[in-house]
Amino acid sequence: VARLRIRVFHAWPYLYDGDLEYERKYLQSYRDSDMAIVVGAFDGDRLIGASTGAPLTDHADDFAAAFQGAGLDLSQIFYCAESVLLSDYRGKGVGHKFFDQREAHARAQGFTKCAFCSVQRPADHPMRPATYRPLDTFWRSRGYEPLPGAIAQFSWKDVGDEGETLKPLQFWIRDL
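Values in this document were obtained by computation on a predicted structure and should not be read as measured data. (Residues numbered from 1 in each chain as written. Predicted model: local features only at pLDDT ≥ 70, side-chain atom pairs only at ≥ 80, totals over all residues. Heavy atoms only, no water.)

**Student:** I'm lost on the sheet that holds strand β3 (residues 77–85) in this one. Help?
**Tutor:** Strands in a sheet are paired, the pairing made by backbone hydrogen bonds, and the direction either parallel or antiparallel. Ordered by their spatial adjacency, six strands build an open sheet running β1-β2-β3-β4-β6-β5, and the pairing between neighbours is mixed. Every other strand in the sheet has two partners, leaving β1 (37–43) and β5 (145–157) as the edge strands with one partner each. Each neighbouring strand pair of the sheet contributes to a mean axis angle of 25°, computed without reference to strand direction. Here nine bridges tie β5 to strand β6 (residues 164–175), and the two strands are oriented antiparallel to one another. Looking across to β6, one finds that Ser155 is bridged to Leu166. Across the sheet, helix α1 (residues 2–9) is in contact with β2 (46–55) and β3; its angle to β3 comes to roughly 75°. Contacting β2 and β3, helix α2 (residues 20–32) crosses the sheet at an angle of about 130° to β3. (Pairing = 2+ DSSP bridges. Helix = DSSP H or I, 4+ residues; strand = E, 2+ residues; numbered from the N terminus. Axes fitted to C-alpha atoms, helices over the stretch in contact; angles between N-to-C directions. Contact = heavy atoms within 4.5 Å.)

This is the structure we're talking about:
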(Lines give C-alpha, C1' and ligand atoms only; values in the text may rest on other atoms or scores of the structure.)
Protein backbone atom coordinates (compact mmCIF):
# COMPACT_ATOMS: atom_id res chain seq x y z
CA VAL A 1 0.00 0.00 0.00
CA ALA A 2 2.87 2.38 0.83
CA ARG A 3 4.52 1.88 -2.56
CA LEU A 4 1.19 2.28 -4.32
CA ARG A 5 0.47 5.55 -2.46
CA ILE A 6 3.89 6.90 -3.41
CA ARG A 7 3.40 5.96 -7.07
CA VAL A 8 -0.16 7.26 -7.50
CA PHE A 9 0.25 10.44 -5.41
CA HIS A 10 3.40 11.32 -7.37
CA ALA A 11 1.09 12.47 -10.18
CA TRP A 12 -1.08 15.59 -10.38
CA PRO A 13 -2.70 17.00 -8.30
CA TYR A 14 -0.76 15.68 -5.28
CA LEU A 15 2.76 15.79 -6.78
CA TYR A 16 3.92 13.88 -3.69
CA ASP A 17 7.62 13.09 -3.52
CA GLY A 18 7.17 10.48 -0.80
CA ASP A 19 9.34 7.92 0.91
CA LEU A 20 8.73 4.58 2.61
CA GLU A 21 9.71 5.80 6.09
CA TYR A 22 6.99 8.47 6.07
CA GLU A 23 4.52 5.93 4.67
CA ARG A 24 5.27 3.43 7.46
CA LYS A 25 4.50 6.06 10.08
CA TYR A 26 1.37 7.25 8.26
CA LEU A 27 -0.08 3.78 7.75
CA GLN A 28 0.54 2.87 11.40
CA SER A 29 -2.62 4.78 12.39
CA TYR A 30 -4.69 2.29 10.36
CA ARG A 31 -2.96 -0.68 12.00
CA ASP A 32 -3.60 0.88 15.42
CA SER A 33 -7.33 1.56 14.89
CA ASP A 34 -9.78 -1.23 15.65
CA MET A 35 -12.35 0.48 13.37
CA ALA A 36 -10.08 1.15 10.39
CA ILE A 37 -10.59 -0.42 6.99
CA VAL A 38 -8.19 -1.08 4.12
CA VAL A 39 -9.74 -2.15 0.83
CA GLY A 40 -7.50 -3.62 -1.84
CA ALA A 41 -8.11 -3.97 -5.57
CA PHE A 42 -6.15 -6.70 -7.32
CA ASP A 43 -5.41 -7.82 -10.84
CA GLY A 44 -4.58 -11.44 -10.10
CA ASP A 45 -2.21 -11.21 -7.16
CA ARG A 46 -0.99 -7.70 -8.08
CA LEU A 47 -2.26 -4.83 -5.89
CA ILE A 48 -3.48 -2.17 -8.34
CA GLY A 49 -5.47 -0.01 -5.92
CA ALA A 50 -6.16 0.59 -2.27
CA SER A 51 -8.49 2.65 -0.17
CA THR A 52 -8.39 3.36 3.56
CA GLY A 53 -10.68 4.76 6.21
CA ALA A 54 -10.88 5.22 9.97
CA PRO A 55 -12.85 7.22 12.51
CA LEU A 56 -12.13 10.92 12.09
CA THR A 57 -11.28 11.06 15.80
CA ASP A 58 -8.27 8.81 15.04
CA HIS A 59 -6.96 11.82 13.10
CA ALA A 60 -8.17 14.53 15.48
CA ASP A 61 -4.74 16.12 15.86
CA ASP A 62 -4.52 16.58 12.10
CA PHE A 63 -8.11 17.66 11.40
CA ALA A 64 -9.54 19.34 14.49
CA ALA A 65 -8.70 22.85 13.26
CA ALA A 66 -10.38 22.26 9.89
CA PHE A 67 -13.66 21.29 11.58
CA GLN A 68 -13.60 24.03 14.21
CA GLY A 69 -16.83 26.00 14.06
CA ALA A 70 -18.56 23.48 11.75
CA GLY A 71 -20.92 22.38 14.51
CA LEU A 72 -20.31 18.70 13.82
CA ASP A 73 -19.76 15.85 16.27
CA LEU A 74 -16.42 14.47 15.07
CA SER A 75 -17.12 11.15 16.80
CA GLN A 76 -19.93 10.56 14.26
CA ILE A 77 -17.73 11.09 11.18
CA PHE A 78 -15.86 8.31 9.41
CA TYR A 79 -12.84 9.56 7.48
CA CYS A 80 -12.48 8.06 4.00
CA ALA A 81 -8.77 8.70 3.70
CA GLU A 82 -7.23 7.91 0.35
CA SER A 83 -8.18 5.97 -2.70
CA VAL A 84 -5.23 5.22 -4.93
CA LEU A 85 -5.62 3.34 -8.20
CA LEU A 86 -3.18 2.80 -11.04
CA SER A 87 -4.20 4.88 -14.04
CA ASP A 88 -4.80 1.88 -16.36
CA TYR A 89 -7.61 0.71 -14.07
CA ARG A 90 -9.51 3.98 -13.71
CA GLY A 91 -12.98 4.50 -15.14
CA LYS A 92 -13.98 0.87 -14.53
CA GLY A 93 -16.00 1.27 -11.32
CA VAL A 94 -13.25 0.58 -8.80
CA GLY A 95 -13.59 4.04 -7.24
CA HIS A 96 -17.28 3.39 -6.59
CA LYS A 97 -16.43 0.05 -4.99
CA PHE A 98 -13.88 1.76 -2.75
CA PHE A 99 -16.53 4.20 -1.51
CA ASP A 100 -19.18 1.46 -1.24
CA GLN A 101 -16.94 -0.64 0.99
CA ARG A 102 -15.85 2.22 3.24
CA GLU A 103 -19.37 3.64 3.59
CA ALA A 104 -20.82 0.19 4.41
CA HIS A 105 -18.09 -0.30 7.00
CA ALA A 106 -18.80 3.13 8.51
CA ARG A 107 -22.55 2.40 8.73
CA ALA A 108 -21.86 -0.97 10.37
CA GLN A 109 -19.71 0.83 12.97
CA GLY A 110 -22.54 3.30 13.71
CA PHE A 111 -21.18 6.41 12.02
CA THR A 112 -23.68 8.90 10.57
CA LYS A 113 -21.39 10.79 8.17
CA CYS A 114 -18.41 10.17 5.92
CA ALA A 115 -15.84 12.76 4.93
CA PHE A 116 -12.63 12.96 2.94
CA CYS A 117 -10.35 15.77 1.81
CA SER A 118 -8.78 16.68 -1.52
CA VAL A 119 -5.79 18.86 -2.26
CA GLN A 120 -6.49 22.30 -3.71
CA ARG A 121 -4.08 23.47 -6.41
CA PRO A 122 -4.25 26.70 -8.38
CA ALA A 123 -5.84 26.36 -11.83
CA ASP A 124 -2.74 27.94 -13.37
CA HIS A 125 -0.24 25.65 -11.59
CA PRO A 126 2.64 25.01 -14.04
CA MET A 127 2.50 21.22 -13.53
CA ARG A 128 -1.27 20.90 -14.13
CA PRO A 129 -1.85 18.63 -17.16
CA ALA A 130 -4.00 20.14 -19.91
CA THR A 131 -6.17 16.99 -19.83
CA TYR A 132 -6.78 17.04 -16.06
CA ARG A 133 -10.40 16.56 -14.97
CA PRO A 134 -11.20 17.16 -11.29
CA LEU A 135 -13.14 14.40 -9.52
CA ASP A 136 -15.80 16.79 -8.19
CA THR A 137 -18.53 15.33 -10.44
CA PHE A 138 -17.74 11.80 -9.27
CA TRP A 139 -17.78 12.84 -5.60
CA ARG A 140 -21.05 14.75 -6.01
CA SER A 141 -22.61 11.72 -7.71
CA ARG A 142 -21.86 9.85 -4.48
CA GLY A 143 -23.64 12.49 -2.40
CA TYR A 144 -20.59 14.39 -1.16
CA GLU A 145 -20.39 18.18 -1.04
CA PRO A 146 -17.56 20.48 0.06
CA LEU A 147 -17.92 21.47 3.70
CA PRO A 148 -17.65 25.30 3.71
CA GLY A 149 -14.60 26.51 5.59
CA ALA A 150 -13.29 23.01 6.39
CA ILE A 151 -9.78 23.30 5.02
CA ALA A 152 -6.92 21.25 6.46
CA GLN A 153 -3.30 22.23 5.99
CA PHE A 154 -0.73 19.51 5.36
CA SER A 155 2.92 19.59 4.40
CA TRP A 156 4.72 17.32 2.01
CA LYS A 157 7.53 17.60 -0.48
CA ASP A 158 6.34 18.23 -4.03
CA VAL A 159 8.06 16.65 -6.99
CA GLY A 160 11.02 18.87 -7.89
CA ASP A 161 11.02 20.87 -4.64
CA GLU A 162 13.80 21.01 -2.05
CA GLY A 163 11.57 20.66 0.99
CA GLU A 164 8.04 20.38 2.30
CA THR A 165 5.44 23.11 1.82
CA LEU A 166 1.91 23.53 3.19
CA LYS A 167 -1.01 22.59 0.96
CA PRO A 168 -4.72 23.25 1.58
CA LEU A 169 -7.06 20.26 1.50
CA GLN A 170 -10.81 20.79 1.20
CA PHE A 171 -13.09 18.47 3.19
CA TRP A 172 -16.10 16.93 1.48
CA ILE A 173 -18.87 15.32 3.56
CA ARG A 174 -22.12 13.36 3.25
CA ASP A 175 -24.73 11.82 5.48
CA LEU A 176 -24.85 8.05 5.52
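**Student:** Mind showing me how you'd approach the state of the cysteines here?
**Tutor:** Each disulfide consists of one covalent bond between the sulfur atoms belonging to two cysteines. If you walk through the whole model with that rule in mind, you get zero disulfides. Summary of cysteine pairing: Cys80 is not part of a disulfide, and the nearest cysteine sulfur, belonging to Cys114, is at 4.0 Å. When its relative accessible area of 1% is taken as the criterion, Cys80 is described as buried. (Disulfide = S-S within 2.5 Å. Buried < 20%, exposed > 50% of the residue type's maximum accessible area, 1.4 Å probe, protein only.)

**Student:** Teacher, can you tell me more about the environment of Ser87 here?
**Tutor:** Turning to its location among the elements, Ser87 is positioned in the loop between β3 and α4 (94–108). For Ser87 and Ile48, which are 39 residues apart along the polypeptide, the C-alpha to C-alpha distance reads 9.1 Å.

**Student:** How should the packing of aromatic side chains be read in this particular structure?
**Tutor:** Two aromatic rings, taken as a pair, are described by how far apart their centres are and by the angle between their planes. Within this structure, the stated rule accounts for 19 aromatic pairs. For the ring pair Phe99 and Tyr144, a centre distance of 5.3 Å and an interplane angle of 55° mean the geometry is tilted. Linking Phe99 in helix α4 with Tyr144 in the loop between α5 (136–141) and β5, this pair joins segments that are 45 residues apart in sequence. Relative to Trp139, the ring of Phe116 lies with its centre 4.9 Å away and its plane at 55°, an arrangement referred to as tilted. Here Phe116 is found in strand β4 (residues 113–119), whereas its partner Trp139 is found in helix α5, with 23 residues between them in sequence. (Phe/Tyr/Trp six-rings, centres within 6.5 Å; stacked < 30°, edge-to-face > 60°.)

**Student:** Please explain the nonpolar core as it appears in this structure.
**Tutor:** Here is a general trend for soluble globular proteins: nonpolar side chains tend to be buried in one another's company. Counting 50 residues, the largest nonpolar core has Tyr30, Phe63, Phe67, Tyr79, Tyr144 and Phe171 as the members making the most contacts within it. Per-element tally for this core: the top contributor is β3, with seven residues. Leave out the neighbours within four places in its chain, and Phe171 touches Phe63, Ala66, Phe67, Tyr79, Ala115, Phe116, Cys117, Glu145, Pro146, Leu147, Ala150 and Ala152. (Core = buried A, V, L, I, M, F, W, Y, C linked by side-chain atoms within 4.5 Å.)

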